[in-house]
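# Structure at a glance
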Amino acid sequence: MSEARRRRLASRRGAALIGLALTGLAWTTSGIAAPHLVSVPAAIGADEAAQLATDLADLLSSRTGETFAVANHDNALDYLDELQNGRFALVFEGPHVLGALARRGLLEPVAEFMHPLSFVVVVSTAQNGIYQLADLAGKPLCGGTIPDLFAMSLLATIDNPTREPVIVPAGDARHRVRRLLGGRCRAATLQTDRYLAMDQADGADDLRVIYKSREMPGFGAGVSVDLPPSLRQGIAGVLLSAEGRDATRALAVALFGTDAPLAGGRAGRFAALAPLMDPYLAPRSE
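Residues numbered from 1 in each chain as written. Predicted model: local features only at pLDDT ≥ 70, side-chain atom pairs only at ≥ 80, totals over all residues. Heavy atoms only, no water.

## Topic: the pattern of salt bridges
Note the following rule: When a carboxyl oxygen of Asp or Glu lies within 4 Å of a side-chain nitrogen of Lys or Arg, that pair is called a salt bridge. Only protein chains enter the accessibility calculation, which uses a 1.4 Å probe; a residue whose area is less than 20% of its type maximum is buried, one above 50% is exposed, and one in between is partly exposed. Put simply, DSSP H or I for four residues or longer makes a helix, DSSP E for two residues or longer makes a strand, and each gets a number counted from the N terminus.
Considering all chains together, one arrives at nine salt bridges under this definition. Put simply, R249 and D246 hold a salt bridge, and the shortest N to O gap is 3.0 Å. D246 sits in the partly exposed class, given a relative accessible area of 46%. Its salt-bridge partner being D259, residue R249 comes within 3.1 Å of it at the nearest N-O pair. Residue R249 is found in helix α10 (residues 249–256), and its partner D259 is found in the loop between α10 and β11 (262–264); the two are separated by ten residues along the sequence. For R249, a relative accessible area of 36% corresponds to the partly exposed category. Note on D259: relative accessible area 39%, which makes it partly exposed. Residues participating in the shared-partner salt-bridge network are R103, R104 and D278.

So, in structure tokens, the structure goes:
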């Protein structure tokens, strides 16, 4: 990580801590305890996040006796800072993010959606001259927003800055395909299952796969280590209960395109992917 990025992270972290302190003061002076925040991936918009996680927040509140609410995310950089600043009590994220936060001693993974992930890189069938990853050097590739697992994994696979594509954040799978076929990108990353489920109306017949990734762990959930152990255990118990699985079913569908049950998660499952986040998070405290 460059020194300039370290200074920027430190500055943003300080500003975020001041904001958190002021927010906490406001709650304290009103006589109401600040709620514990439930965070879903920042790529999910605020309105959709509320629809996907409000039932779970309500369930956690009723089962633990504490107050939970759904967090809002303004932008990717603020989101990364807030992950490190401990703003969220419960975080749903990709295995790379959960692994990186666990390695930094900030979060304890407690659950994983039982749906392994892989992705493909596709190009237009009308596109000539792109047959392998090396052919994408310097070309725009439609991917997800930071901290997108597929884009980060792709860059790590290429492992050569001179051969990397330029990642263009482009929303969901259908949006990426539209931009690709419209000439805005030369390639796109798609979750394998979503690609296989595409039909002709989505543009499936106009796509050609040039790369398929290995299989990786699915998204999961982690709880802040700043919470009391009894509350951490209570949150994990709710998530893994029948009611918790029901309350997270819609989130699973949003993440994978299909239902996927939650099961107990272990930090070791995510550890191998943790280094993908090193360019985006502050270094570990040794």
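On we go.
## A word on helix α6 (residues 173–181)
Test applied: Comment: arc refers to directions from the helix axis out to C-beta atoms. The contact rule is simple, with two residues in contact once any of their heavy atoms fall within 4.5 Å.
All buried positions along α6 are accounted for by R176, V177, R179 and L180. Down the axis, α6 shows its buried residues gathered within 165 degrees of arc, on one side only. Turned more than 90 degrees away from the buried face of α6, the exposed residues are R174 and R178. Buried-residue contacts for α6 involve β5 (119–124), β6 (140–143), β7 (166–169), β8 (187–191) and β9 (207–212). One or two positions beyond α6, positive phi appears at G183, with a value near 90 degrees.

## A word on the layout of surface pockets
We apply this condition: A pocket here means an open set of points on a 1 Å grid, computed over the protein atoms alone, that has protein on both sides within 12 Å along at least five of seven lines. A cavity is instead a set of points where a 1.4 Å probe fits but cannot get out; residues with an atom within 4 Å of a point line either one. Grid points are joined across faces, edges and corners, and a volume is the space filled by probe spheres set on the points. By the convention adopted, Pro, Cys, Tyr, Trp, Phe, Met, Ile, Leu, Val and Ala count as nonpolar, Lys, Arg, Asp and Glu as charged, and the other residues, Gly among them, as polar.
If you add up the space inside the largest pocket, you get close to 910 Å³. Along its surface, the largest pocket is lined by 37 residues, and D172, R176, R194, A254 and L255 are the ones closest to its centre. Looking at the lining of the largest pocket, the elements that each hand over two or more residues are α5 (149–158), α6, β8, α7 (192–197) and α10. Of the residues contributing to the lining of the largest pocket, the split by class is 17 nonpolar, eleven polar and nine charged.

## Section: the sheet that holds strand β2 (residues 68–70)
Stated formally: A strand pair is defined by DSSP finding two or more bridges across the two strands. What counts as an axis is a line fitted to C-alpha atoms, over the stretch in contact for a helix, and the angles between N-to-C directions run from 0 to 180 degrees.
With respect to topology, six strands assemble into an open sheet ordered β2-β1-β3-β10-β4-β11, the strand pairing being mixed. Because the sheet does not close on itself, it has two edges, and the strands there are β2 and β11. Strand-to-strand twist of the sheet, defined as the mean angle between neighbouring strand axes without regard to direction, takes the value 30 degrees. In this sheet, strand β10 (residues 220–224) lies alongside strand β4 (residues 107–113) in antiparallel orientation, the contact comprising five bridges.

## Quick word on the packing of aromatic side chains
Stated precisely, the cut-off is as follows: Classification of ring pairs rests on two measures: the distance between centres of Phe, Tyr or Trp rings, Trp counted by its six-membered ring, which must be within 6.5 Å, and the angle between planes, read as stacked under 30 degrees, edge-to-face over 60 and tilted in between.
Applying the stated criterion across every chain, the model contains six aromatic pairs. An angle of 70 degrees between the planes, with centres 5.7 Å apart, marks the rings of F113 and F256 as edge-to-face. Of this pair, F113 sits in strand β4 while F256 sits in helix α10, and the two are 143 residues apart along the sequence. Across the pair, exposure class does not vary: F113 and F256 are buried alike. Clustering of aromatic rings is evident, with ring pairs tying together F92, F113, F219 and F256.

## Notes on the nonpolar core
The test is simple: Residues enter a nonpolar core if they are buried and are Ala, Val, Leu, Ile, Met, Phe, Trp, Tyr or Cys, with the set joined through side-chain atoms within 4.5 Å.
Core analysis: the largest hydrophobic core is formed by 68 residues, its most contacted members being L90, F92, F113, V121, I235 and L239. Here the element with the most residues in this core is helix α2 (residues 46–64); it accounts for seven residues. If we ignore the near neighbours within four places in the chain, the residues touching L239 are L56, L90, F92, V110, A111, A221, G244, R245 and L262. Grouped together as the second largest cluster of nonpolar side chains are 13 residues, C142, V177, L190 and Y195 included.

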